Amino acid sequence: MKVKTFWSIVLKILGIYIVLESISIFPQFFSSVYYIFQNDSSNDTIEILFFSFMILGLYIFILWLFVYQTSWLIDKLKLEKGFKEEQINLNIKGSTILNIAIIIIGGLMLVESLPIFCKSMFQFFQQKSLFKDYRDTGWIIAYFLKAIIGYLLMTNSKYFVSKIQKQNSKTI
């Protein structure tokens, strides 16, 4: 495996992990935008909207940069420099490493979100209120979706690896 291939795999894994861990940012984004439009008395409406969209754009940029523009990132950060040899002797294909990484990331997401989802559902059933009237409905949905995404990453990792490699071959 070449040094550039190694760094490409590491950066893709890091980018996917950062973006998937940021899934809890989206409910916060939508709840703050909803709050702004419900309460017109906020003096900082434009500032809050600006920063919310800036954070959302930053996560989309990180996904694009780390997953689809890894060769450019490797060149700009000069990650290939300092290695004495051109090859790193690993007998594992890059797709296998990426496959394992996606399974691990999905497992971490599932393990992290499932207990919080179960706790939120338990609290919801204790309240005996309607789902639309419950104050943490958005968080229940967010943790449910995060658990589903983690499960799908674990079970369909080969599909995601093929999509990443297909997109990467288009950009090279």
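Here the structure is a predicted model, which means the values were calculated and not measured.

### Focus: the side chain of S8
Then, number 1: Tracing the backbone shows S8 in helix α1 (residues 3–21).
Then, number 2: The class for S8 is buried, based on a relative accessible area of 13%.
Then, number 3: A distance of 3.3 Å separates the side chain of S8 from the side chain of T70, its partner in a polar contact.
Then, number 4: In this view, S8 contacts T70, I74 and N168; residues no more than four positions away in its chain are not counted.

### Overview of the nonpolar core
Then, number 1: Counting 11 residues, the largest nonpolar core consists of I16, L20, I23, V67, L98, I102, I105, M109, L153, V161 and I164.
Then, number 2: Of all the elements, helix α5 (residues 94–127) adds the most residues to this core, at 4 residues.
Then, number 3: With residues up to four places along the chain from it excluded, the contact list for I16 reads V67, I102, I105 and I164.
Then, number 4: Formed by 8 residues, the second largest nonpolar core is a distinct cluster that contains L65, F66, L73 and I74.

### Observations regarding the packing of α1 against α5
Each pair of packed helices can be described by the angle between their axes along with the distance between the axes.
Then, number 1: The interhelical angle for the contact between α1 and α5, taken along N-to-C directions, is 20°, at an axis separation of 10 Å. Considering the angle they form, α1 stands roughly parallel to α5. Viewed along their axes, α1 and α5 form a crossing whose handedness is right-handed. Here α1 contributes I9, K12, I13, I16, Y17, L20 and E21 to the contact with α5, which in turn contributes G94, I97, L98, A101, I102, I105, L108, M109 and E112.

Each value, and the rule that gives it
- Residues numbered from 1 in each chain as written.
- Predicted model: local features only at pLDDT ≥ 70, side-chain atom pairs only at ≥ 80, totals over all residues.
- Heavy atoms only, no water.
- Helix = DSSP H or I, 4+ residues; strand = E, 2+ residues; numbered from the N terminus.
- Buried < 20%, exposed > 50% of the residue type's maximum accessible area, 1.4 Å probe, protein only.
- Polar contact = N/O pair within 3.5 Å; in protein donor to acceptor, adjacent residues only side chain to side chain.
- Contact = heavy atoms within 4.5 Å.
- Core = buried A, V, L, I, M, F, W, Y, C linked by side-chain atoms within 4.5 Å.
- Axes fitted to C-alpha atoms, helices over the stretch in contact; angles between N-to-C directions.
- Parallel < 35°, antiparallel > 145°, perpendicular 65-115°, else oblique.
- Left-handed = near helix turned anticlockwise from the far one by under 90°.

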